[in-house]
Amino acid sequence: MHWSRIAAALLFSLLVAAPAAFGETDAQGFVRIRPDDVKWGPPDALGVQTAVIDGDPSKPGIYVIRVKFPPHVMSHNHFHAEDRHALVIKGTWWTGTGDEFAPDKAVPLKPGSYMKHPAGAHHFDGAKDEEVILQLVGYGPTGTTLLRPAEGLFGRVD
């Protein structure tokens, strides 16, 4: 199996293995989830965690997930087959585009900021000096393809 597919499968398994957030669903189907209700999946080796808020990222349809980056952890250059819509919930999210992994050239986005990752567009992102929480919305099934699989999906930046 190709390394980028292995890395994508690992990320995907983290997303799917992360338990869905428990919230309140009323008789009409409205769902309310408070921050304390979010059930984060286990951290990976560098501390990145995911939570499935709604939908199933492994199946066709809309999904909503959250990603929590600990300080000094960023993803290496990668892309997704589908458009993804990102909203910064907490911290300053550092974002870069293209094929070069250059954290020093990353653009900071504060809480409340939005970024669209177009399908197939190469990018990297993550946290520098503080924890970052993102909410991602897309149409599944989702996957991640690394540009340089030997680097792995996440790395430390100090």
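Reading the values: rules and limits
- Residues numbered from 1 in each chain as written.
- Predicted model: local features only at pLDDT ≥ 70, side-chain atom pairs only at ≥ 80, totals over all residues.
- Heavy atoms only, no water.
- Helix = DSSP H or I, 4+ residues; strand = E, 2+ residues; numbered from the N terminus.
- Buried < 20%, exposed > 50% of the residue type's maximum accessible area, 1.4 Å probe, protein only.
- Contact = heavy atoms within 4.5 Å.
- Areas by Shrake-Rupley, 256 points an atom, 1.4 Å probe, with all protein chains shown as cover.
- Phe/Tyr/Trp six-rings, centres within 6.5 Å; stacked < 30°, edge-to-face > 60°.
- Core = buried A, V, L, I, M, F, W, Y, C linked by side-chain atoms within 4.5 Å.

Student: I'm lost on the overall build of the protein in this one. Help?
Tutor: From N to C terminus, the protein includes 1 helix and 14 strands. Here the protein holds 158 residues, and 43% of them are scored as buried. Once local pairs closer than 6 in sequence are excluded, the contacts in the protein between residues at least 24 apart make up 70%. Accessible surface, the protein: about 8200 Å² in total, of which carbon and sulfur atoms supply 59%.

Student: I'm lost on unusual backbone geometry in this one. Help?
Tutor: The amide bond that connects Gly 140 to the next residue, Pro 141, takes the cis arrangement and shows omega of 5°. Among the secondary structure elements, Pro 141 is positioned in the loop between strand S12 (132-140) and strand S13 (145-146). Even without glycine at this site, His 72 takes up a positive phi of about 70°. Tracing the backbone through its elements, the reader meets His 72 in the loop between strand S4 (61-69) and strand S5 (73-75).

Student: Teacher, can you tell me more about the packing of aromatic side chains here?
Tutor: Each pair of aromatic rings is reported with the distance of its centres and the angle of its planes. One pass over the full model with this rule turns up 2 aromatic pairs. Here Phe 69 and Phe 154 contribute two aromatic rings whose centre-to-centre distance is 5.9 Å and whose plane-to-plane angle is 80°, an arrangement assigned as edge-to-face. Taken together, the residues Phe 69 in strand S4 and Phe 154 in strand S14 (residues 154-156) connect sequence positions 85 residues apart. The pair Phe 69 / Phe 154 is uniform in exposure class, with both members buried.

Student: Please clarify how the nonpolar core should be interpreted in this entry.
Tutor: The tendency in soluble globular proteins is for nonpolar side chains to be buried as a group. Membership of the largest hydrophobic core comes to 19 residues, with the highest contact counts inside it found for Val 48, Phe 69, Trp 93, Val 132, Leu 134, Leu 136 and Phe 154. For this core, the element with the most residues is S4, which contributes 4 residues. Setting aside its immediate chain neighbours within four residues, Val 132 contacts Val 67, Lys 68, Phe 69, Lys 90, Gly 91, Thr 92, Trp 93, Gly 126 and Ala 127.

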